[in-house]
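One-letter residues, chain by chain:
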Amino acid sequence: MISRRDFLIHTIKGIAVAALPLSAFEIINPKKLFAEQNNGKNVRWVFLVDTYKCVGCGLCVKACKQENEIPYEANVTRTWVERYVLTSDGKLHADTPNGGRDGFIDPRIEIGHGKFEEIKKGDIKKAFFVPKLCNQCENPPCVQVCPVGATYQAPDGVVLVDREWCIGCGYCIMGCPYGVRFFHPKYHTAEKCNFCYHRITKGLKTACIQACPFGARQIGNIKDPKDPVTKIIMTERVGILKEEFGTKPQVYYIGLDKEVR
Amino acid sequence: MKTHVYRPLIVVLFIIAFILIARSLLVPKDFGVHERGYMYGWYRQGNVQEWSNSVKVKYQGADYCKECHSDKYESIMMTPHAIIECENCHGPAVEHPSEPPKLQIDRSRDQCLRCHYSLPYPTSGRANIRGVDPEEHNKDIECVSCHNPHKPSLEGLK
């Protein structure tokens, strides 16, 4: 029979142990601490998009498709440009014809099925372009759902797809809240933007950054405090997409509007 | 132990052993849990190198073009079109001049209209670019028959 006194003491002890967060025990794992100091941990690629500078020319999309061997006529692309037009009646009009591959050479808004919506010049309250690409999330949901370990986060933060390993189940395409994934028309495996991994690992800029005449796109290493992109992210007002999903996206936007989804 | 218990047990153990042996032979050595743990870091490590090595760089950049076409490079650098990469109109260089020996230049109206279709969009850089309405501005004539893209100012008019 437990006494009242012992019961209270045990209860207090129990609460104290339960309240200890799991992370409190992690600090005594020297292997993990060592790995964090070690190689591969001093690069973390991030992207910065300035939506004020984007004019919707779509040269980034054109360059991306050719650089990354995405069939040019197929209506899939690793990066795309969206147009947002807000009219004085409070309505939002958004489109991305062909992903913006050929630019926006029509003032009408594409509403699907080959139909277009006319917008009067005087009605436009605000209008702008938003380039989109893979956010290379810190907590990528697409990686969590992969049943075979074909998609993963490389040590430098970029989420890659192993074409040999991918079985084409499409879970990752459904799992991505940003809709950046699609099936490669030729390889029939999941495909996504990987910050032009073959270029950034050689010290080059991504194809979209090089093709952009207006400097709307930039790439940087957030682990380097001297990196100009890091400085902007740390000192200026930047936004991210769908923060509420907890994916910690690593593409930062200057001039993001609440209408952008 | 009775036969009807251990006979199927042996079969089951045999199947398990077969699966384990097959797995150890078929799964590459570098496949497994890496730095970021099981949830994000379960992959074939060799694929990281494959991605950085197997894809060919196609867009070389203006500095590559400059090595041979320095005259064109110098002249366009004096104009507002200096910000446009050569390959945006001339196509990806890849290994030009060896492969491809000749690049296909995009001289279409649509290529110019990417920036110069007049769209009155406030809060976008587009509003600051001089644009035309292609329905009114010399319809059906190629832009390059009057304008020189390497010298877009009015003095460059042909």
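Residues numbered from 1 in each chain as written. Chains lettered and ligands numbered in written order. Predicted model: local features only at pLDDT ≥ 70, side-chain atom pairs only at ≥ 80, totals over all residues. Heavy atoms only, no water.

(A) Representation of the packing of aromatic side chains within the structure. Applying the stated rule across the entire model yields eight aromatic pairs over all chains. Ring centres 5.6 Å apart and planes at 15° place the aromatic pair Y84(A) and F128(A) in the stacked group. Here Y84(A), found in strand β2 (residues 80-87), pairs with F128(A), found in strand β6 (residues 124-132); they are 44 residues apart in sequence, far enough to count as distant. Between F31(B) and W42(B), the ring centres sit 5.3 Å apart and the planes meet at 70°, which makes this aromatic pair edge-to-face. (Phe/Tyr/Trp six-rings, centres within 6.5 Å; stacked < 30°, edge-to-face > 60°. Helix = DSSP H or I, 4+ residues; strand = E, 2+ residues; numbered from the N terminus.)

(B) The arrangement of unusual backbone geometry in detail. Put simply, H96(B) and P97(B) share a cis peptide bond, and its omega is 10°. When you line up the elements, P97(B) lands in the loop between α6 (86-90) and α7 (109-116). Cis geometry is adopted by the peptide bond preceding P100(B), which originates at E99(B) and carries an omega value of -5°. Following the sequence through the fold, P100(B) ends up in the loop between α6 and α7. At E69(A), a position not held by glycine, the phi torsion is positive, near 55°. Relative accessible area serves as the criterion here: at 38%, E69(A) is assigned to the partly exposed category. Here the phi dihedral of N98(A) falls at roughly 60°; this positive angle occurs in a residue that is not glycine. (Buried < 20%, exposed > 50% of the residue type's maximum accessible area, 1.4 Å probe, protein only.)

(C) Geometry of the domain arrangement of chain B. Under the domain assignment used here, chain B contains domain 1 (3-54) and domain 2 (106-158). Here the C-alpha centroids of domain 1 of chain B and domain 2 of chain B sit 59 Å apart. (Domains from an automatic or database assignment.)

(D) Region of interest: the pattern of salt bridges. Scanning all chains against the criterion turns up 21 salt bridges over all chains. K53(A) is the partner of D50(A) in a salt bridge, and the nearest nitrogen-oxygen pair spans 4.0 Å. What makes D50(A) buried here is its relative accessible area of 12%. Exposure remark for K53(A): the relative accessible area of 38% places this residue in the partly exposed category. For R101(A), the salt bridge is made with D102(A), and the minimal N-O distance between the two is 3.0 Å. Overall, the relative accessible area of 8% leaves R101(A) in the buried class. Residues participating in the shared-partner salt-bridge network are D162(A), E164(A), R44(B) and E50(B). (Salt bridge = Lys/Arg side-chain N within 4 Å of Asp/Glu carboxyl O.)

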